[in-house]
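# Structural overview for review
The chain contents come next:
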Amino acid sequence: MIRLLRTLIGLTIFVLCFAVKAQTYGDLTENQKFSYLLDSCNKNQSASCYDIAQWYKKNQRLDPIEEKKIRQDIQTINDKRKLGDLSEEDKTTLVQSNALLSEKNQKAKATAQYKVYLNKSCDAGETVACKERNNQMEYSGSAILYYVGIGLIGLAFFLGAKTIFQEEDQYQAQEKLEDGKVSKEEMSKQDIVLRYSRPFFKRFFSPIVSGMKNKKGLKEKYRRNLASAGLTNILSPEDFFAYKLFLIIGFPIVFLGVRTFLEESWPLSLIPVLALIGFYYPDIAIKSAIQRRQQEVISSMPFCVDMLALSVEAGLDFVAAMQKVIEKAKSSALTEEFEILIREIRIGASRGEALRNLAWRIDLIQISSFCATLIAADSVGASIGPILKALSNEIRQKKSSEVEKKGATAATKILFPMMFLIIPAVLLVVFSPMIFGLISARK
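What you see is a predicted model, and the numbers here were worked out from it, not measured in a lab. (Residues numbered from 1 in each chain as written. Predicted model: local features only at pLDDT ≥ 70, side-chain atom pairs only at ≥ 80, totals over all residues. Heavy atoms only, no water.)

Glancing now at the packing of helix H15 (residues 270-313) against helix H19 (residues 365-380). Closest axis-to-axis distance for the H15/H19 pair is 11 Å, and the angle between their directions is 25°. The angle between the axes of H15 and H19 places the two elements in the roughly parallel class. In this structure, H15 uses Val297, Ile298, Met301, Val305 and Leu308 to contact H19, whose residues at the interface are Gln366, Ile367 and Phe370. Its residues assigned to classes, the contact of H15 with H19 shows 7 nonpolar, 1 polar and no charged. (Axes fitted to C-alpha atoms, helices over the stretch in contact; angles between N-to-C directions. Helix = DSSP H or I, 4+ residues; strand = E, 2+ residues; numbered from the N terminus. Parallel < 35°, antiparallel > 145°, perpendicular 65-115°, else oblique. Contact = heavy atoms within 4.5 Å. Nonpolar A, V, L, I, M, F, W, Y, C, P; charged D, E, K, R; others polar.)

Structure representation (structure tokens):
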């Protein structure tokens, strides 16, 4: 028992000493580390000599100790120059020291020192140094692992290619069906990231997301946002989540490509940040698309509701009046929603249900009020012509009041640009001739 206790105490002391030593070495400066390796090399420790040789090979510059000494000599000579006590020998030393600090000479010196310490390490019995010196670096111990790794990579590529080609027919058929739904004009309206990344995440990421267990949660989370942004034909909820996953690696890949092409030294620590931005970029883009679409709907409402009221009062039924609005009105998000509403009614949905779906998709108070009024009139069998006319007048009044409100705030918004940009320019134009005239008169 006592022996066991002594052994444990000895091991504890050894571990603590090693940890303190490691911590101390980790806290050393670069000069102190190099000095430590140099002292060990001078004591015929071949591993330290090899480490010094690798330092020169990696850094391709003067070692910290020699560089510090040269800079101290330059500083001493510069101090003598200030005192006017500079000899010809000092001038020669200054020129030589400055020449040694040039990049070309530092690389040449580092190469020479690398060979010196590599030979010293080999002469001291370091086998790796001798093999490196004779260009006979072999990794026989890891050769099996190397070839096994190459074989596994090849197998992974083979299985991946086999899976892709097996599903190619199914994917081509699905693409043909989707191409019929999505027109090129509709895709051209989308942002550049979605346009160019859609083929990739649809092909490789969407099948993975479709096989996930929580597909129902994804549909509930993204279905309304996609409908409000008008992207239902372009993206399903599974496609949208696949889009987010794709950009996690897409943004870093683009970053590395641009970094390599421009030969920049941007820090690689930005890659996790870009991956995070890539995951949240689709959410930001879809919110922006929803806001633009809602603004377009609000702008189109007065004319469309007016046209709808006139068509109903002229004797057309609700569906025919909607169709007339689509024909006469300028193509917009609201006319697209009216087309969807007509299709739903024609395939069997009631007018009230189709109007509720319209309000759910657009998610605007004005549209919800419009749909609720029409649903209430339809439920009691009232004529919707006068109701639409009243709604049209109300919408125009609200739009006029909003325009007046924006006009009232315009003066406040232009105040600061006028004070800091416009007024100084006007004063400069008005008073500069007077100032130049006074200056020339004094001369």
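Don't stop here, the text continues.
Looking now at the environment of Ile249. Checked against the element boundaries, Ile249 lands in helix H14 (residues 237-262). Classification of Ile249 as partly exposed rests on a relative accessible area of 43%. C-alpha of Ile249 to C-alpha of Ile271: the two residues are 22 residues apart in sequence and 9.1 Å apart in space. (Buried < 20%, exposed > 50% of the residue type's maximum accessible area, 1.4 Å probe, protein only.)

Moving on, we get to the side chain of Glu67. With respect to the element layout, Glu67 can be found in helix H4 (residues 64-83). Given a relative accessible area of 18%, Glu67 falls into the buried group. Here Arg61 takes part through its side chain, which lies 3.4 Å from a polar atom of the side chain of Glu67. Those residues in contact with Glu67, other than ones at most four positions away along the chain, are Arg61, Leu62 and Leu101. (Polar contact = N/O pair within 3.5 Å; in protein donor to acceptor, adjacent residues only side chain to side chain.)

Taken as a whole and judged by the stated rule, the model has 1 disulfide. Shown here is the disulfide that connects Cys41 with Cys49, its sulfur atoms set 1.9 Å apart. As the torsion about the S-S bond is roughly 100°, the Cys41-Cys49 disulfide counts as right-handed. (Disulfide = S-S within 2.5 Å.)

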